[in-house]
Amino acid sequence: MRNFISKIYNFLFLHEEWNIGVICEPINIFLKANVKPKVYWLPPPKRGKFRADPFGITKDQLLYIFFEDFDYRTDKGVISCIEFKDGIFSEPKVVLELPFHTSYPYVFECRGEIYCIPETHRA
């Protein structure tokens with residue numbers, strides 16, 4: 001019962017909020033002093049959710065961003081994907097949902113196909 005009350009309290013009052021941003025600059029831009037590149041933030045997640053652990057891959061001139069899409073109500077993450085081009089994001093779509101928590105999507109392309117290996121430590 002104590003664990004249940006703790007989870008409810010954390011859900012209502014203490015959950016962290018995360019999101020993902022895209023910067024269309026080379027990574028070394030962060031080594032320069034006083035540079036503030038434009039950040040394109042993904043649309044905010046719905047209440048009770050957060051987005052983390054992004055992994056991007058470019059294909060056909062689109063940036064596909066795979067990420068953990070965590071829901072506090074289920075205490076479980078799924079892998080979702082959103083497309084980014086010219087400063088505009090598509091609607092996020094769940095691309096991998098398993099009966100257990102998934103995160104850190106490692107994404108790669110092989111012979112024209114895109115593969116995702118998520119972290120599934122608890123499974």
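This text goes with the structure placed above it.
Residues numbered from 1 in each chain as written. Predicted model: local features only at pLDDT ≥ 70, side-chain atom pairs only at ≥ 80, totals over all residues. Heavy atoms only, no water.

*Asks:* Break down the packing of aromatic side chains for me, with residues and values.
*Replies:* Summed over the entire model, instances satisfying the criterion amount to eight aromatic pairs. With 5.6 Å between their ring centres and 20° between their planes, F108 and Y115 make a pair best called stacked. Lying across the ring of Y40, K38 places its NZ or CZ 4.8 Å from the centre. (Phe/Tyr/Trp six-rings, centres within 6.5 Å; stacked < 30°, edge-to-face > 60°. Lys NZ or Arg CZ within 6 Å of the ring centre and 35° of its normal.)

*Asks:* I'd like to hear about the nonpolar core, residue by residue, with values.
*Replies:* Residues I20, V22, L42, I65, F67, I82, F84 and F89 constitute the largest nonpolar core, which totals eight residues. When residues no more than four places from it in sequence are discounted, the contact partners of F84 are V22, C24, Y40, L62, L63, I65 and F89. Formed by seven residues, the second largest nonpolar core is a distinct cluster that contains I57, L62, F66 and I79. (Core = buried A, V, L, I, M, F, W, Y, C linked by side-chain atoms within 4.5 Å. Buried < 20%, exposed > 50% of the residue type's maximum accessible area, 1.4 Å probe, protein only. Contact = heavy atoms within 4.5 Å.)

*Asks:* Give a detailed account of the side chain of T102, specifying residues and quantitative values.
*Replies:* Mapped onto the elements of the fold, T102 is located in the loop between β7 (93–96) and β8 (103–110). Once residues within four sequence positions are removed from consideration, T102 is found in contact with E68, G77, V78, I79, L96, P118, E119 and T120. (Helix = DSSP H or I, 4+ residues; strand = E, 2+ residues; numbered from the N terminus.)

*Asks:* Can you explain the pattern of salt bridges? Please cite residues and give values.
*Replies:* A complete count under the given rule lists three salt bridges for this structure. A salt bridge links E109 to K59; the nearest nitrogen and oxygen atoms lie 3.2 Å apart. In this pair, E109 is assigned in strand β8 and K59 in strand β3 (residues 49–59), connecting sequence segments 50 residues apart. Taking relative accessible area as the criterion, E109 reaches 40% and is therefore assigned partly exposed. (Salt bridge = Lys/Arg side-chain N within 4 Å of Asp/Glu carboxyl O.)

*Asks:* Please set out the environment of G56 residue by residue, giving values where relevant.
*Replies:* Looking at where G56 falls in the secondary structure, it is placed in strand β3. Along the sequence, G56 and E83 sit 27 residues apart, while their C-alpha atoms lie 9.5 Å from each other. When residues no more than four places from it in sequence are discounted, the contact partners of G56 are L63, Y64 and I65.

*Asks:* How would you summarise the environment of P105 if you had to cite specific residues and measurements?
*Replies:* By the secondary structure assignment, P105 is in strand β8. Exposure remark for P105: the relative accessible area of 2% places this residue in the buried category. Each C-alpha atom, one on P105 and one on S80, is 9.2 Å from the other, the two residues being 25 residues apart in sequence. Here P105 is in contact with D53, F55, F66, F67, E68, I79, C116, I117 and P118, once residues within four sequence places are set aside.

*Asks:* If you had to explain the side chain of H101 to someone new, which residues and values would you point to?
*Replies:* As for its position among the elements, H101 is in the loop between β7 and β8. Using a relative accessible area of 18% as the deciding quantity, one classes H101 as buried. A polar contact is formed between the side chain of H101 and the backbone nitrogen of G77, at a distance of 2.7 Å. With near-sequence residues (within four places) excluded, H101 lies in contact with E68, F70, K76, G77, E119 and T120. (Polar contact = N/O pair within 3.5 Å; in protein donor to acceptor, adjacent residues only side chain to side chain.)

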